[in-house]
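# Structure at a glance
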Amino acid sequence: MDSQNRNIGADLLKGTSQVFFLENALTGIFFWVAIAYASYVSGVWATTIGALIGVVVATLTARLLDCDEKSVASGLFGFNGVLVGAALPTFIAVTPQLWAYVVIGAATSTVVTAAFSATLTAKWGIPGSTGPFVLTGWLMVAGAHSFGGLQVIGDAPKLATDYVQGLAPLPQPLELVQIFFRNIGQVFLLGSEISGALILVGIFIASVPAGIAAAAGSLVALAVAIGMGADPAVVSQGLYGFSPVLTALAVGVIFLQTSPKVAAYALLATVTTVFVQGALDVIVAPAGIPSFTAPYVLTMYLFIAPKKLLAPHPHRPVADHMIGREHGEAPPSTRAM
Amino acid sequence: MDSQNRNIGADLLKGTSQVFFLENALTGIFFWVAIAYASYVSGVWATTIGALIGVVVATLTARLLDCDEKSVASGLFGFNGVLVGAALPTFIAVTPQLWAYVVIGAATSTVVTAAFSATLTAKWGIPGSTGPFVLTGWLMVAGAHSFGGLQVIGDAPKLATDYVQGLAPLPQPLELVQIFFRNIGQVFLLGSEISGALILVGIFIASVPAGIAAAAGSLVALAVAIGMGADPAVVSQGLYGFSPVLTALAVGVIFLQTSPKVAAYALLATVTTVFVQGALDVIVAPAGIPSFTAPYVLTMYLFIAPKKLLAPHPHRPVADHMIGREHGEAPPSTRAM
Amino acid sequence: MDSQNRNIGADLLKGTSQVFFLENALTGIFFWVAIAYASYVSGVWATTIGALIGVVVATLTARLLDCDEKSVASGLFGFNGVLVGAALPTFIAVTPQLWAYVVIGAATSTVVTAAFSATLTAKWGIPGSTGPFVLTGWLMVAGAHSFGGLQVIGDAPKLATDYVQGLAPLPQPLELVQIFFRNIGQVFLLGSEISGALILVGIFIASVPAGIAAAAGSLVALAVAIGMGADPAVVSQGLYGFSPVLTALAVGVIFLQTSPKVAAYALLATVTTVFVQGALDVIVAPAGIPSFTAPYVLTMYLFIAPKKLLAPHPHRPVADHMIGREHGEAPPSTRAM
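Note that residues are indexed from 1 along each chain, following the sequence as it is written. To label them, take the chains in the order written and letter them from A, then take the ligands in the order written and number them from 1. Totals for whole chains, interfaces and linings use every residue, but because this is a predicted model, local features are given only for residues with pLDDT of at least 70 and side-chain atom pairs only at 80 or more, for both listing and counting. Neither water nor hydrogens contribute to the side-chain values; these are computed over all heavy atoms in the structure.

Regarding its fold elements, chain A presents 14 helices and zero strands. Numbering of helices and strands runs from the N terminus, with a helix taken as a DSSP run of H or I at least four residues long and a strand as a DSSP run of E at least two residues long. Starting at the N terminus and ending at the C terminus, chain A contains elements arranged as α-α-α-α-α-α-α-α-α-α-α-α-α-α. Think of it in three bands: residues with accessible area under 20% of the maximum for their type are buried, residues over 50% are exposed, and the middle band is partly exposed, with areas taken using a 1.4 Å probe on protein chains only. Scored against the burial criterion, the 337 residues of chain A give a buried share of 63%. Summarising the internal contacts of chain A: among those between residues at least 6 apart in sequence, 70% fall at separations of at least 24. By definition in these notes, contact holds between two residues if any of their heavy atoms fall within 4.5 Å.

Dropping the structure here:
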């Protein structure tokens, strides 16, 4: 096929930029530099290698399964794979089984992406976004607790509930700036503010409105998390900010056309995402898994789902119920649907 | 707009009566008296104030978002808000952050109501009912565990699993009568039997069949909970009864046309709801959240979903699978869908 | 009705064979012998009696509710009932309340089957399969923790997380053969290798490709579970194998037409099911419930959902959003859906 001759490298870079909803190879390069820089600083290269395996395996799987050609070329089958590939070595120690896990996880993320596309997207008009990464990542990290060949590491699934609530001093100005960038870097699970800055530059290169929305989302998350008294140690790592950054971008710029009303709607969605972050940290803790971008995914799904002309069901009989109206006494004009 | 000139007060009263699927301002007045009476007895007014903020914010949000005019006027965008507003101060101590939480929660409940309407209702023919309240309430109460500005209070999420199982004496006749009414009051999270009686009167004012179904649901729940050996302390508070009351009403009268067969179907649904109450109390306990009306919501969704002519998929190949029939060897007549 | 005169016995046997997607009365007889043999060996007959009650009540409920005649006659409303009936006495001690629970649970499984058919199947093209059993079974076993009349027994919900991870010797050849058959027997919650062998014979009688797929699924599960270092005690009971057996059969033979590409796809699905087994054991543990066939159900849903021509949503505005394009400035050609 002709399509097989395309520049696979460009696909992979675009697939990486799609984590922030962008289709831009140069932006993808900035993102990879950000990922590699975080590995350089921490000395842990497994995350960068995992991310690379993830995007390659996910994209190749999409080609093997004959997924929609244009979508594959746009990187829409790659961005969940790059996140799965970065996340698994972040939360699971390196063993031979880990690499098998990364390969299977990335391939499965493509199937899950296709499943979300055929249901949530095709039937309900809701973009799947990073939902496939969240589902695949949850299953793989939870599963790691069951297998002797895989060790869930450290206090990696950093949970807000570890926080002994109390009076905490406000972060200093310099730390506020660091958190602002870490909020962005954590979308790729990177705790480095330099990586966050590189990613923000990459976003601005592709789209100025996207860059503004990402920055605004980071600021709103910072203000709400501090105002509500979230654990300062968790806030400092940027863990209260990455989902709101994605929500601000997705609801305010990508999936709705920006307008004053949309901006207000995106603000409500962004604030809600901070609360949902607090909630999901608590809800998934018993399973020993991190919440990943689930706060963004759930909030975005709820805020993008509402459609014109689709009203709540009135409190009257539903149409065509299996056991309803078996004697045909109801005229069509009373049908509720 | 003309519609903006409508009597907003009537909208709010109707929105409150819609908690029991009714559109009747007088019924709404009875419900507000019941809510206020419980605050008067307990000395805790935050729940009444929260409920008022909830219904106002949720309804105004629906107007600002240009939600379906007729639905807003019927109160269909208010009843989830009133429940969110009553529930949050029941489970979270009063702080400035709580009131911000109530406002954001009520506004979000309107978005969630619109999301359920556009998906579950428009595509699957299932009414959203109090599902948006359950989802929003769960996220907000779970999130409260993460924020220093919010304290989840007391033993409020009273869980059946706290019960040391054993032989328990049957409640005395007077207590049975009290439980009968508390089962109804707890729909609004009210433990007062007087409030329950006021609510039941309000229901009968709007619809005699609805009143009978609510009363029958309360009796069935009482019998099943005692017969299965549920924790008497929990039964006594009416916590095993409020979801079955809603199920009996929704399945037996509101969403299906009453008939002998529908009555039997509603009886099965009501009994099942008691079991699901026991199940969800256990399932959501690790997240530190109450089950709210989730037992009703889940059971009602399952019992209202079945439609005529929609049979199980036979155990043959599905149609149009991404990788299926790539060589075109299957004639259309074998298509399973 | 004529249909009421059909041989109800044949319906019940077919309903039992449908657990493995087969419609064959003789296969059903082999399955019943397998179930009864396990009761004979263990001396526990409640599971066989429960299975019988389950299939009878579920099938009769389907007839009373006027469910699709052809589906009922094919046993498609019976197989979830037989599993509910076998599962409840496996995890809950025998009391009078247990039998009420089995009857209500089996009747409810029919309603849940109809609900899944009208939504997941009719709207998304995904077969419900044993999903209704998993949902009903989870609710009933979780609920049993709440009721004094029901006791969840022993260490029955055997969880992989109980396993202290470490070096474990490989099973001996004879034990490998036993596990191979137990992996199949556990689909009916039977730990006996003889029962597993009887079931496999029953499958081969109805379909040779189905028998080969089931055997291959068992082998793949065995290799992956041991290779990943799963708890040998759990592997030995066949608890890592029964869901992969169903996945191999469903994805490789039943719901897709077998081909080399489908075989590779089914292999990925089968390996993923082993990982999901490890994950769900951990995720459902806090609720005190077993994972049942949920690993198969979730994986199969995800692998069967993808449809031709249904691509991911591009990262552009969605169509017809409630608050989108309120000024009508977007031409139809930019509509994303």
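All right, on to the interface of chain C and chain A then. The partner chain A presents 61 residues to the 54 residues of chain C that form the contact. With both chains or domains summed, chain C and chain A bury close to 4900 Å², and 72% of this area falls on carbon and sulfur atoms. When the buried area of chain C at its contact with chain A is split by residue, C:Trp124, C:Met228 and C:His315 rank highest and sum to 16% of it. Salt bridge, as used here, is a side-chain nitrogen of Lys or Arg placed within 4 Å of a carboxyl oxygen of Asp or Glu. Linking chain C with chain A are one salt bridge. Between C:Lys261 and A:Asp66 there is a salt bridge whose closest N-O contact spans 3.0 Å. Residues adjacent in sequence count toward polar contacts only when both atoms are side-chain atoms; beyond that, a polar contact is any pair of N or O atoms within 3.5 Å, and within protein one must be able to donate a hydrogen and the other to accept it. In this assembly, chain C and chain A are joined by 14 residue pairs in polar contact (both at pLDDT 80 or more). Breaking the side of chain C that touches chain A down by element, the ones donating at least two residues are α6 (96–124), α13 (260–284) and α14 (294–304) of chain C. Looking at the side of chain C that touches chain A element by element, the count peaks at twelve residues for α13(C). When the residues that make up the side of chain C that touches chain A are grouped by side-chain class, the tally is 36 nonpolar, nine polar and nine charged. The term buried area means the drop in 1.4 Å probe accessible area that two parts suffer when joined, counted for both and summed. Residue classes follow a fixed rule: Ala, Val, Leu, Ile, Met, Phe, Trp, Tyr, Cys and Pro count as nonpolar, while Asp, Glu, Lys and Arg count as charged, and any other residue, Gly among them, counts as polar.

Moving on: the interface of chain A and chain B. Listed as interface residues are 54 residues of chain A and, on the opposing side, 61 residues of chain B. Here chain A packs against chain B, burying approximately 4900 Å² in sum over the two surfaces, 72% of which is carbon and sulfur. Summed over the shared surface of chain A and chain B, the result is one salt bridge. Applying the counting rule to chain A against chain B returns 14 residue pairs in polar contact (both at pLDDT 80 or more). In terms of residues, the side of chain A that touches chain B owes the most to one element, helix α13 (residues 260–284) of chain A, which gives twelve residues. Taken together, the residues that form the side of chain A that touches chain B break down as 36 nonpolar, nine polar and nine charged.

Taken together, a rotation about one axis and a shift along it account for how the two chain copies relate. Copies are brought into register by a least-squares superposition over C-alpha atoms of residues with pLDDT of at least 70 in both. Mapping chain C onto chain A calls for a screw motion: a turn of 120 degrees about the axis and a shift of 0.0 Å along it, with 0.0 Å RMSD after fitting. Overall, the copies show the geometry of a three-fold rotation axis. Using C-alpha coordinates, one finds that chain C approaches the rotation axis most closely at C:Pro286, a distance of 3.9 Å.

Before going further, it helps to examine the packing of aromatic side chains. Any two of the Phe, Tyr and Trp rings considered here, Trp counted by its six-membered ring, make a pair once their centres fall within 6.5 Å; the pair's planes then place it as stacked at under 30 degrees, edge-to-face at over 60, or tilted in between. Scanning all chains against the criterion turns up 39 aromatic pairs over all chains. An angle of 40 degrees between the planes, with centres 5.8 Å apart, marks the rings of B:Tyr240 and C:Phe147 as tilted. A residue pair is termed interchain when its members come from two chains, as with B:Tyr240 in the loop between α11 (232–236) and α12 (242–254) and C:Phe147 in the loop between α7 (131–144) and α8 (173–185). Summarising the burial analysis for this pair, B:Tyr240 and C:Phe147 share the class buried. In textbook terms, an aromatic cluster arises when at least three aromatic residues are bridged by ring pairs, as seen for A:Tyr101, A:Phe147, C:Tyr240 and C:Phe275.

Residue and element names in this part refer to chain A. Of note, Ser192 is situated in the loop between α8 (173–185) and α9 (193–206). A relative accessible area of 13% places Ser192 in the buried class. From its side chain, Ser192 meets the backbone nitrogen of Ile194 in a polar contact 3.2 Å long. Within polar-contact distance, the side chain of Ser192 engages the backbone nitrogen of Ser195 at 3.0 Å. Ignoring anything within four residues of it in the chain, the contact list for Ser192 reads Tyr37, Ala38 and Arg182.

A few words now on the packing of helix α12 (residues 242–254) of chain C against α14(C). All names here are of chain C. Here α12 crosses α14 at 25 degrees, and the two axes come no closer than 8 Å. Between α12 and α14, the angle falls in the class roughly parallel. Relative to α14, α12 is oriented so that their crossing is right-handed. Across the interface between the two elements, Ser243, Leu246, Thr247, Ala250 and Val251 from α12 touch Pro295, Tyr296, Thr299, Met300, Phe303 and Ile304 from α14. Residue composition of the contact of α12 with α14, by class: eight nonpolar, three polar and no charged. Between N-to-C directions, angles span 0 to 180 degrees; the directions come from axes that are lines fitted to C-alpha atoms, helices contributing only their stretch in contact. Angles are sorted into four bins: roughly parallel if under 35 degrees, roughly antiparallel if over 145, roughly perpendicular if 65 to 115, and oblique for all others. Here a crossing is called left-handed whenever its near helix is offset anticlockwise from the far helix by less than a right angle, and right-handed whenever the offset is clockwise.

All names here are of chain A. A helix is expected to reach a length of 1.5 Å times the quantity of its residues less one. The end-to-end C-alpha separation of helix α2 (residues 25–42) is 26 Å, in line with the 26 Å expected for 18 residues at 1.5 Å each. Elements that come into contact with the buried residues of α2 comprise α1 (8–17), α3 (46–64), α5 (79–91) and α9. The opening residue of α2 is Asn24, an N-cap whose side-chain oxygen sits 3.0 Å from the backbone nitrogen of Leu26. In the stretch just after α2, Gly43 is the one whose phi turns positive, near 75 degrees.

Here we come to the packing of α5(A) against helix α6 (residues 96–124) of chain A. Residue and element names in this part refer to chain A. Their axes nearest at 9 Å, the elements α5 and α6 cross at an angle of 150 degrees. The angle between α5 and α6 falls in the class roughly antiparallel. When you trace α5 past α6, the crossing you get is right-handed. In this structure, α5 contributes Asn80, Gly81, Val84, Gly85, Leu88 and Pro89 to the contact, and α6 contributes Leu98, Tyr101, Val102, Gly105, Ala106, Ser109 and Thr113. In terms of residue class, the contact of α5 with α6 is made up of seven nonpolar, six polar and no charged.

Residue and element names in this part refer to chain A. Per residue, pLDDT captures the predictor's confidence, and it can take any value from 0 to 100. Across chain A, pLDDT averages 90, with 90% of residues at or above 70. Confidence drops under pLDDT 50 across residues 1–5; counting only partners more than four residues distant or on other chains, this segment forms four contacts. Every residue in residues 326–337 scores below 50 in pLDDT, and together they form 18 contacts with partners more than four places removed in sequence or on other chains.

Residues and elements named next belong to chain C. With respect to the helices and strands, Thr48 occurs in helix α3 (residues 46–64). Accessibility expressed as a relative area gives 12% for Thr48, which makes it buried. Counting along the chain gives 56 residues from Thr48 to Ile104, while the straight-line C-alpha distance between them is 17 Å. Once residues lying within four places of it in the same chain are set aside, the contact partners of Thr48 are Trp32, Ile35, Ala36 and Ser39. At 3.4 Å, the side chain of Thr48 forms a polar contact with the backbone oxygen of Ile35. Here Ser39 takes part through its side chain, which lies 2.6 Å from a polar atom of the side chain of Thr48.

Attention now moves to the nonpolar core. Think of a nonpolar core as a cluster: buried Ala, Val, Leu, Ile, Met, Phe, Trp, Tyr and Cys residues, connected wherever their side-chain atoms sit within 4.5 Å. In this structure, A:Phe20, A:Tyr101, A:Phe188, B:Phe20, B:Phe188, C:Phe20 and C:Phe188 are the most contacted members of the largest nonpolar core, which totals 334 residues. Once you skip the residues sitting within four places of it in the chain, A:Tyr101 turns out to touch A:Leu88, A:Ile92, A:Leu139, A:Met140, A:Gly143, A:Ala144, A:Phe147, A:Leu150, C:Met228 and C:Phe275.

One pass over the structure, following the stated rule, counts twelve salt bridges over all chains. A salt bridge links A:Asp11 to A:Arg63, with the shortest nitrogen-to-oxygen separation between them at 2.6 Å. In this pair, A:Asp11 sits in helix α1 while A:Arg63 sits in helix α3, placing the two residues 52 residues apart along the sequence. Put simply, B:Glu193 and B:Arg182 hold a salt bridge, and the shortest N to O gap is 3.1 Å. In this pair, B:Glu193 is assigned in helix α9 (residues 193–206) and B:Arg182 in helix α8 (residues 173–185), connecting sequence segments eleven residues apart. Residue B:Arg182 is classed as buried on the basis of its relative accessible area, which comes to 14%. One continuous salt-bridge network, built from bridges that share partners, spans A:Asp11, A:Arg63 and A:Glu69.

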